[in-house]
Amino acid sequence: MLSVSLLTISIVIPVYNGGASFRECLASLTLSRRPADEVIVVSDGDTDGSWQVAEAFGTKVFRLQRPGGPAQARNIGAQAAQGDIVFFIDADVTLHPNTLDLVEQQFRQHPQLDALIGSYDDAPGANNFLSQYKNLFHHYTHQVSSEIASTFWGACGAIRRSVFLQVGGFDETYRKPCIEDIELGYRLTRAGYSIALCKEIQVKHLKQWEPLSLIKAEIFYRALPWTTLILRERCANADLNLSHSNRFSVVFAFALIGSVAASGLYPWLLAIALGLSLGLLVMNAEIYRFFYRKRGLLFALQVIPWHWFYFLYGGAAFAYGTLIHIISRVYSSKPVGRLGCF
């Protein structure tokens, strides 16, 4: 076991055309009450001079000639790191002054801890509705989930470097920002390593979401590849976005759409649709109260249709991924490939 007196932390940041958000990310590191022992930036084939910004902040920079994805970039950074703990963050987040203090504190107080993940804070950097909704939703999900985690998170996740290397790091066949961190978490859990969700360890997300970018990311970089991973690993732990209430909400949302669509032929189905709507509201009442407390009544009312839409496209992606998996198993002895994240 490592001596707590020698605990050192290396921050690893993959970046591809980070822009102003990346500058803010690096600036936040200079305000940390507990300075990082080293900061490693892996420039993933960027074309906007992000690597030069990183050098100006005095970080250790590795430049890749062409983009290989954040999984590869993080692996390169972790292999070069000297710290006992590798703390991965994204290029579009900023640290709170106490973030590194809390990371170090967790590993000091819990010597048996192998890895931890944190949370987005409740004050997203972008002000438009979708960015506020998406990032607050992420914050809420982490804040109400079990502190015993089964997944990792590359935007705010720390791991003992020795453990990271032992399990082989991130799977570099994921070439886009995808579920490479979730897949790593599954391998860590399967190998018997412990992951904690530390809700007080928080970062601010600066990304601005728009409708098309959000839906594309949620379906092709999240839902489809995650479905493939779940079916391949035969593991769907009821934590984070896979909670039982979310699963029931997907069923209710599709039943609601079906009832409304068929109500022209069978008007009595409108009563069923009303009941399903009330069921969705009741099952998700706590999150709607959360949005009401944070942003007021009008914002909470705007959240409801987007939240129900989330259940629909997430459920549709899972159904499609499952169908492809079944077809692959029936007509081929080869395992199903990853969907949507190359």
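About the criteria used
Residues numbered from 1 in each chain as written. Predicted model: local features only at pLDDT ≥ 70, side-chain atom pairs only at ≥ 80, totals over all residues. Heavy atoms only, no water. Helix = DSSP H or I, 4+ residues; strand = E, 2+ residues; numbered from the N terminus. Rg over C-alpha atoms; globule rule 2.2 N^0.38 Å. Contact = heavy atoms within 4.5 Å. Areas by Shrake-Rupley, 256 points an atom, 1.4 Å probe, with all protein chains shown as cover. Lys, Arg positive; Asp, Glu negative; His and termini not counted. Charge placed at Lys NZ, Arg CZ, Asp CG, Glu CD. Patch = residues over 30% accessible without salt bridge, like charges linked within 9 Å, V, L, I, M, F, W, Y side chains within 5 Å. Salt bridge = Lys/Arg side-chain N within 4 Å of Asp/Glu carboxyl O. Expected span 1.5 Å × (residues − 1). Bend = angle between axes of the 7 residues up to and from the residue. Buried < 20%, exposed > 50% of the residue type's maximum accessible area, 1.4 Å probe, protein only. Pairing = 2+ DSSP bridges. Axes fitted to C-alpha atoms, helices over the stretch in contact; angles between N-to-C directions. Parallel < 35°, antiparallel > 145°, perpendicular 65-115°, else oblique. Left-handed = near helix turned anticlockwise from the far one by under 90°. Core = buried A, V, L, I, M, F, W, Y, C linked by side-chain atoms within 4.5 Å.

**Looking at the overall build of the protein chain**
For the protein chain, the count of helices and strands is 12 helices and 8 strands. The C-alpha radius of gyration computed for the protein chain amounts to 21 Å, which stays within 12% of the reference 20 Å derived for 342 residues, consistent with globular compactness. By principal-axis analysis of the C-alpha atoms, the protein chain measures approximately 70 × 55 × 40 Å. Put simply, 77% of the contacts in the protein chain that link residues at least 6 apart link residues at least 24 apart. Looking at the protein chain as shown, the accessible area adds up to about 15,700 Å², and 61% of this sits on carbon and sulfur atoms. Separation of charge centres in the protein chain, based on 30 positive and 27 negative side chains, amounts to 5 Å.

**Examining a nonpolar patch on the surface**
There is a patch of nonpolar side chains on the surface, built from L323, I326, I327, V330 and Y331 and spanning about 550 Å² of accessible area. By secondary structure assignment, the location of I327 is in helix α12 (residues 297-331).

**A look at helix α8 (residues 211-233)**
With 23 residues, α8 should cover 33 Å at 1.5 Å per step; its first-to-last C-alpha distance of 31 Å lies within 8% of that length. The largest bend along α8 reaches roughly 30 degrees and is located at I219. Taken together, the buried residues of α8 touch α5 (129-144), α7 (180-190) and α12. R234 sits one or two positions beyond α8 and adopts a positive phi of about 55 degrees.

**Details of the pairing of strand β8 (residues 195-205)**
Working note: regular strand, side chains alternate between the two faces of the sheet. Buried residues dominate β8, accounting for 9 of its 11 residues. Here strand β5 (residues 93-95) runs beside β8; their pairing, made up of 3 bridges, is antiparallel. Looking across to β8, one finds that T94 is bridged to K204. When strand β6 (residues 115-120) meets β8, the two strands line up parallel, connected through 5 bridges. The partner of L116 across the bridge, within β8, is A196.

**Structural notes on unusual backbone geometry**
With a phi close to 50 degrees, N17 is a non-glycine residue in the positive phi region. For N17, a relative accessible area of 28% puts it in the partly exposed group.

**Describing the packing of α7 against α8**
Between α7 and α8, the least distance of the axes is 11 Å, while the angle of their chain directions is 20 degrees. Accordingly, the angle class assigned to the pair α7 and α8 is roughly parallel. The handedness of the crossing between α7 and α8 is right-handed. Contacts from I182, E183, Y186 and R190 in α7 reach R222, W226, L229, I230, R232 and E233 in α8.

**Things to note about the nonpolar core**
Within the largest apolar cluster, 60 residues are counted, with the highest numbers of intra-cluster contacts made by I11, I13, F22, F87, F88, I89 and I159. Of all the elements, β8 adds the most residues to this core, at 6 residues. Sequence-distant contacts of I11, defined by excluding residues within four places in its chain, comprise L29, A36, E38, V39, I40, F87, I89, L95 and L100. By size, the runner-up hydrophobic cluster in this structure holds 31 residues, among which are A223, A300, F311 and L312.

**Quick word on helix α3 (residues 70-80)**
Burial analysis of α3 places 8 of its 11 residues in the buried class, which makes it a mostly covered element. Residues of α3 that are buried: P70, A71, A73, R74, N75, G77, A78 and A80.

By themselves, these figures tell us nothing about what the structure is for.
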